[in-house]
Amino acid sequence: MLFYGKKELAKATPDGKGFYVKIRTLPLKQSIKGHPRLGNKLKFGNINSYTKAQKIIGSLSVPSKMPTFGYSLPALSCKKGSQLKNIKGSTCESCYGFKGWYRISWVRYAMEKRSIAINNIDWVDAMTFSIKYHSLSEFRWHDTGDLQSLEHFRKIVDVAINTPEVIHWLPTQEYQIIEEFWNQAGQVPLSKLIPNLKIRLSSEMINELPPFQLALKIGVLTSMVADDTSLNKFNCPSSLQNNQCKECRKCWSDDFCVIYRKH
């Protein structure tokens, strides 16, 4: 059996090579039945049920560190990250997407399913429905994985526009995709174009500053990883509180640079 604390999540298959997933109650902020604005009539595009939405998007992820849901993709699908993983001192060298929880067979299966799902014609509507269903105030894109293409990013932008009541956080090392979108959008600062989508250009190397100049030019935010030798002191408190966000929402804020402590 597989446990999270005292909660049973899955039972091992007879051959010992996988798990039968035990469906558990997710930490919903509010069920659709009690939604103050939409009652039980939530519908978006072609999506009119949570079951239908989940079949399309392949489910939301539940990062243990976060106060909200996310949408993880396989770490192997990272374009720049898969190159950085082989570089000593890079932020991806010890990627957690290849460790622990992310190595479990059914977790890998869920992430692979999502990587295929992003090409579904109804993905934007299904993601919008799912986020609204849970009445979220924050959302995390890619607790593992990264942008796959310009079209992928456009779809995320559409979801953010469809959910103006939600603050979306998107860290990425795919600078070229973000800059290309900015050029095609008429070079309008992205913080003005999509104010509820907090895009953070992440540094590639530990203790290396992120691309501040590019971020300022296109109107986005930044983040970096620092160890205890860096002059840039971390301002993310998670390392001091059991690797949990708790009440902190700095990543979803307009702070220009969030600095994470290497762990």
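Placed above this text is the structure.
First, a word on what this report is: a plain description of the structure on this page.

How each quantity is defined
Residues numbered from 1 in each chain as written. Predicted model: local features only at pLDDT ≥ 70, side-chain atom pairs only at ≥ 80, totals over all residues. Heavy atoms only, no water. Helix = DSSP H or I, 4+ residues; strand = E, 2+ residues; numbered from the N terminus. Buried < 20%, exposed > 50% of the residue type's maximum accessible area, 1.4 Å probe, protein only. Areas by Shrake-Rupley, 256 points an atom, 1.4 Å probe, with all protein chains shown as cover. Pairing = 2+ DSSP bridges. Contact = heavy atoms within 4.5 Å. Axes fitted to C-alpha atoms, helices over the stretch in contact; angles between N-to-C directions. Polar contact = N/O pair within 3.5 Å; in protein donor to acceptor, adjacent residues only side chain to side chain. Phe/Tyr/Trp six-rings, centres within 6.5 Å; stacked < 30°, edge-to-face > 60°.

**Here we look at the overall build of the protein chain**
Stage number 1. Helix and strand counts for the protein chain stand at eight helices and nine strands.
Stage number 2. Burial status across the protein chain gives 47% buried among its 263 residues.
Stage number 3. For the protein chain, the computed accessible surface area is about 13900 Å², with 54% contributed by carbon and sulfur atoms.

**Some remarks on the sheet that holds strand 9 (residues 257–261)**
Stage number 1. Across the sheet, which stays open at both edges, the six strands sit in the order 4-5-6-7-8-9 with parallel pairing between neighbours. Looking at strand neighbours, the two that pair on one side only are strand 4 (70–71) and strand 9, the edges of this open sheet.
Stage number 2. Across five bridges, strand 8 (residues 221–226) lies against strand 9 in parallel orientation. From the neighbouring strand, valine 225 faces strand 9, where its bridge partner is tyrosine 260.
Stage number 3. Packing of helix 5 (residues 150–162) onto the sheet brings it into contact with strand 5 (138–141), strand 6 (167–172) and strand 7 (197–202), and relative to strand 7 it is tilted by some 145 degrees.

**Observations regarding the environment of asparagine 207**
Stage number 1. Take asparagine 207: it is sitting in the loop between strand 7 and helix 8 (212–218).
Stage number 2. For the pair asparagine 207 and threonine 91, spaced 116 residues apart in sequence, the C-alpha to C-alpha distance is 9.1 Å.
Stage number 3. When residues no more than four places from it in sequence are discounted, the contact partners of asparagine 207 are Met224, Val225, Ala226, Asp227, Thr229 and Ser230.
Stage number 4. In this structure the side chain of asparagine 207 is engaged in a polar contact, spanning 2.9 Å, whose partner is the backbone nitrogen of aspartate 227.

**Observations regarding the packing of aromatic side chains**
Stage number 1. Counted under the stated rule, the structure contains nine aromatic pairs.
Stage number 2. With a centroid separation of 6.1 Å and 70 degrees between ring planes, the pair formed by tyrosine 71 and tryptophan 141 is classed as edge-to-face. With a gap of 70 residues between them, tyrosine 71 in strand 4 and tryptophan 141 in strand 5 connect regions that are remote in the sequence. Each of the two residues, tyrosine 71 as well as tryptophan 141, counts as buried.
Stage number 3. Geometrically, the ring pair formed by tryptophan 123 and tryptophan 141 is tilted, given 5.9 Å between the ring centres and 45 degrees between the ring planes. In this pair, tryptophan 123 sits in helix 4 (residues 123–133) while tryptophan 141 sits in strand 5, placing the two residues 18 residues apart along the sequence.
Stage number 4. Take tryptophan 141: its relative accessible area is 0%, and that puts it in the buried class.
Stage number 5. Of the aromatic side chains, those joined through ring pairs into one cluster are Tyr71, Trp123, Phe139 and Trp141.

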